[in-house]
Amino acid sequence: MRPLALGEMDVLMWLEGTCVAEFVRVTPWVYSSLEIVHLLGLALLVGPAALFDLRLLGAGRDAISVQTAARWLLPVARAGFAAAAVSGTAMFTSGAREIADTGAAPVKLILLVVAGLNVAVFHLGVYRRVGAWDGRRRAPAAARAAGAVSLVTWAGVVACGRLIAYT
């Protein structure tokens, strides 16, 4: 793992000095409550996202359309992402230097960026034409690839999040 650059260290120190970081560090039950919110957010994000990804890959294609799956699952995943992002950011600020210095944190950040780019490319690309391909036996290769990338990246984000405590 590479050492943190001076500019990065300055940003991390600034984060740790914010009122949010101080509140999380010194107020009883706040950090543990944020962990609970983070885990529930991850469950609400990863569970529905995985179901949607599996639908893109072909599971349940005779039972539910991609558009219907999106209508029911993606709003829940978005709410889960919001809860996980807010709680995760608050927890990160309280110990930014220590967390950033772990082996898993940079990998988690990279995977989050990949997951976000994958969502953007999917929704701005192949999903815009979902009406034309939703009734077919198989989703287009681009949609299946997006589902596979999503499954792998979110599993990696969860794994790296757990590994932060141990690396």
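Quantities reported herein were computed from a predicted structural model and do not represent experimental measurements.

(A) Structural detail: the pattern of salt bridges. One pass over the structure, following the stated rule, counts two salt bridges. A salt bridge links R97 to E16; the shortest N-O distance between them is 2.7 Å. With R97 in helix α5 (residues 96-100) and E16 in helix α1 (residues 6-16), this residue pair connects regions lying 81 residues apart in the sequence. Using a relative accessible area of 11% as the deciding quantity, one classes E16 as buried. Note that R25 is salt-bridged to E22, the shortest N-O span being 2.9 Å. Here R25 and its partner E22 are both found in helix α2 (residues 19-26), three residues apart, which amounts to about one turn of the helix. For R25, a relative accessible area of 39% puts it in the partly exposed group.

(B) Representation of the packing of helix α3 (residues 30-56) against helix α4 (residues 66-94). Between α3 and α4, the shortest axis-to-axis distance is 7 Å and the interhelical angle comes to 150°. Our classification of the angle between α3 and α4 gives roughly antiparallel. Crossing handedness for the pair α3 and α4: left-handed.

(C) Representation of unusual backbone geometry. The residue W29 is not glycine, and still its phi comes out positive at about 75°. Relative to the elements of secondary structure, W29 occurs in the loop between α2 and α3. Accessibility expressed as a relative area gives 70% for W29, which makes it exposed.

(D) Layout of the nonpolar core. With 15 residues, the main nonpolar core has F52, L56, V66, F122, Y127, W133 and A143 as its most contacted residues. Secondary-structure elements contributing two or more residues to this core are α3, α4, α7 (130-133) and α8 (141-163). The leading source of residues in this core is α4, at five residues. Setting aside residues up to four positions removed in sequence, V66 forms contacts with F52, R55, L56, Y127, V130, W133 and D134.

(E) Focus on the confidence of the model for the protein chain. Across the protein chain, the average pLDDT comes to 94, with 96% of residues at or above 70. Mean pLDDT across the elements of the protein chain ranges from a minimum in α1, with 87, to a maximum in α3, with 98.

(F) Quick look at the packing of α2 against α4. Viewed as axis vectors pointing N to C, α2 and α4 meet at an angle of 85°, and their least axial separation amounts to 8 Å. Overall, the two elements α2 and α4 adopt an arrangement that is roughly perpendicular. Where α2 abuts α4, its residues V20, A21, V24 and R25 lie against A90, T93 and S94.

(G) View of the layout of surface pockets. The computed volume of the largest pocket comes to approximately 1,200 Å³. Surrounding the largest pocket, 37 residues form its lining, G88, F92, I99, K108 and I164 being those nearest its centre. Within the residue set of the lining of the largest pocket, elements represented by two or more residues are α1, α3, α4, α5, α6 (104-124) and α8. Looking at the lining of the largest pocket element by element, the count peaks at eight residues for α4. Classifying every residue of the lining of the largest pocket gives 24 nonpolar, seven polar and six charged. Taken as a whole, the second largest pocket encloses approximately 340 Å³ of empty space.

(H) Molecular detail of α4. For α4, which comprises 29 residues, the first-to-last C-alpha distance of 40 Å matches the rise-based estimate of 42 Å (1.5 Å per residue) to within 8%. The sharpest bend along α4 reaches about 35° and sits at L73, with the proline P75 one to four residues further on.

What counts and what doesn't
- Residues numbered from 1 in each chain as written.
- Predicted model: local features only at pLDDT ≥ 70, side-chain atom pairs only at ≥ 80, totals over all residues.
- Heavy atoms only, no water.
- Salt bridge = Lys/Arg side-chain N within 4 Å of Asp/Glu carboxyl O.
- Helix = DSSP H or I, 4+ residues; strand = E, 2+ residues; numbered from the N terminus.
- Buried < 20%, exposed > 50% of the residue type's maximum accessible area, 1.4 Å probe, protein only.
- Axes fitted to C-alpha atoms, helices over the stretch in contact; angles between N-to-C directions.
- Parallel < 35°, antiparallel > 145°, perpendicular 65-115°, else oblique.
- Left-handed = near helix turned anticlockwise from the far one by under 90°.
- Core = buried A, V, L, I, M, F, W, Y, C linked by side-chain atoms within 4.5 Å.
- Contact = heavy atoms within 4.5 Å.
- pLDDT = per-residue confidence, 0-100.
- 1 Å grid on protein atoms, 1.4 Å probe; cavity = no way out; pocket = protein on both sides within 12 Å on 5 of 7 lines; lining within 4 Å.
- Points joined across faces, edges and corners; volume = space filled by probe spheres on them.
- Nonpolar A, V, L, I, M, F, W, Y, C, P; charged D, E, K, R; others polar.
- Expected span 1.5 Å × (residues − 1).
- Bend = angle between axes of the 7 residues up to and from the residue.

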